Amino acid sequence: MRLGASTSCFYPLETEQALKKVCELGFEKAEIFMNAPSELEEPFVKELDGIAKNGGVDVISVHPFSSFLESSCIFGDYKRRFDDYIGLYQKTCHAAAVLGAQFVVIHGAVAMPKIPIPDERYFERFRTLVELGRAEGVTVCQENVNKFKSQSIDFCKKMRDALGSDFNMVFDIKQTVRAGEDTFAFLEEFKNDIRHIHISDNGKLGDCLPPGKGDFDFKRLKNIMDSADYHGDCVIEIYAESYDVTKELKESKDYLEKLWQM
C-alpha cells in the first residue's frame, strides 16, 4: 500500500498551501479536500495540478466541500434542488479528472434527516453521481461516515446490492470507531469494494490520533487488504487543531513506512 496525506490535515490553511505542505513532507500521494466553489474552477484546479506535479505527488482523490449539502440538495425530496446542485458534482468530477485523480469521495445523506430519505432514492441519486464520474474517467466512492447512512455495515451492504459493480468504497478508520462499528468486521465485509483508505490511530487519547500514537493494529489492516490483493493507497487524515500537524505527519509517515516496510 502506498502512503499519502490529505490536505484536510492542514485545514483551515488554504488548499493550495496545504498541498504544498504535503509535497514538502515527501508523500507520494495526496487527497485534495476542496473548500470553496471557486476552487472547482479550472484555473485554480490547474494551479493545484502544477503544485502536485512540481512536488512529485500524485493526487489520488478529491473530496468536495459540499458534503453538508448532500442530505437536502442531492438526496432530498425536492427534485428541482437536486437539478440545481448536481452541476456542482459534475465540476468536482471534472476537477478530479484534470488533477489525474482516480476517485471522488462522497459522504451522502445523514442517518437521521428531518424528512426521511428512502434507500431507493438514495441509491438512484448516487448512481447519477457515479455516471458523472464515469463520464470524466473517475470513480465516485461512498465513504463510511459517522452519523450518516453509510456509518453502518448493513446500509452499505444494501447499497452494494443495489449498485452492483458501481458500488465502490472509501474506508475511514476513525469513522467506524465513532459509529461504534467493528473496524475489522467492516474491513472484512468490504475489502473487495474498498478503493482508497483514510487512516488515523485511536486509543485512550481519542479516535483521530496520528498513526503510531494509539493502539490500532495497522498490521492487521494491511493483512486484510493484502488478502484482497489491494493495490490502492492509504491517506493519513488527522486534524490540525489538535496537533503540530507537520511534525505528526512526518512521524506518522516514518512509523508506517517502517511498520509496513514500504
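Here, the structure is the one placed above.
Residues numbered from 1 in each chain as written. Predicted model: local features only at pLDDT ≥ 70, side-chain atom pairs only at ≥ 80, totals over all residues. Heavy atoms only, no water.

This paragraph deals with the overall build of the chain. A count of helices and strands for the chain gives 10 helices and 10 strands. For the chain, the C-alpha radius of gyration of 17 Å lies close to 18 Å, the compact-globule estimate for 262 residues. By principal-axis analysis of the C-alpha atoms, the chain measures approximately 50 × 40 × 35 Å. Relative to its 262 residues, the chain shows a buried fraction of 55%. Taking contacts inside the chain between residues at least 6 apart in sequence as the whole, the part at least 24 apart equals 77%. Accessible surface for the chain amounts to roughly 11,500 Å². Of this, 48% is attributable to carbon and sulfur atoms. (Helix = DSSP H or I, 4+ residues; strand = E, 2+ residues; numbered from the N terminus. Rg over C-alpha atoms; globule rule 2.2 N^0.38 Å. Buried < 20%, exposed > 50% of the residue type's maximum accessible area, 1.4 Å probe, protein only. Contact = heavy atoms within 4.5 Å. Areas by Shrake-Rupley, 256 points an atom, 1.4 Å probe, with all protein chains shown as cover.)

Moving on to the pattern of salt bridges. In total, this model carries 22 salt bridges according to the counting rule given. For D58, the salt bridge is made with K29, and the minimal N-O distance between the two is 3.0 Å. In this pair, D58 sits in strand β3 (residues 58-63) while K29 sits in strand β2 (residues 29-33), placing the two residues 29 residues apart along the sequence. With a relative accessible area of 44%, D58 lands in the partly exposed category. We note a salt bridge from K191 to E188, for which the minimum N-O separation is 3.1 Å. Since its relative accessible area comes to 42%, E188 is described here as partly exposed. (Salt bridge = Lys/Arg side-chain N within 4 Å of Asp/Glu carboxyl O.)

Next up on the list: the sheet that holds strand β1 (residues 2-6). A barrel is described by the order of its strands in space; here 8 strands give the closed sequence β1-β2-β3-β4-β5-β6-β7-β10, paired in parallel fashion. Going across the sheet, the axis of each strand differs from the next one's by a mean of 30 degrees, ignoring polarity. In terms of strand pairing, strand β4 (residues 103-106) meets strand β5 (residues 139-143) through 4 bridges, oriented parallel. Residue V105 lies in a different strand from β5, and its bridge partner there is C141. Contacts between helix α1 (residues 15-24) and the sheet are confined to β1 and β2, with β2 contributing the most and set at about 165 degrees to the helix. (Pairing = 2+ DSSP bridges. Axes fitted to C-alpha atoms, helices over the stretch in contact; angles between N-to-C directions.)

By the element assignment, H63 lies in strand β3. For H63, a relative accessible area of 1% puts it in the buried group. Beyond its immediate chain neighbours, meaning those up to four positions away, H63 contacts E31, I32, F33, M34, V105, H107 and E143.

Generally speaking, nonpolar side chains in soluble globular proteins are found buried as a group. Residues F126, L129, I197, I199 and L249 are the most contacted members of the largest nonpolar core, which totals 79 residues. Looking at which element gives the most residues to this core, the answer is helix α4 (residues 79-99), with 8 residues. Once residues lying within four places of it in the same chain are set aside, the contact partners of I197 are M1, F171, L221, M225, Y230, D233, C234 and V235. (Core = buried A, V, L, I, M, F, W, Y, C linked by side-chain atoms within 4.5 Å.)

Glancing now at helix α10 (residues 245-260). Because the α-helix completes a turn every 3.6 residues, residues three or four places apart line up on one side. Compared with the 22 Å implied by 1.5 Å per residue over 16 residues, the 22 Å span of α10 between its first and last C-alpha is a close match. Among the residues of α10, those classed as buried are V245, E248, L249, S252, K253, L256 and W260. Burial along α10 is one-sided: seen end-on, the buried residues are contained in an arc of 135 degrees. For α10, the secondary structure elements touched by its buried residues are β1, β7 (194-199), α9 (218-227) and β10 (233-236). (Expected span 1.5 Å × (residues − 1). Arc of directions from axis to C-beta.)

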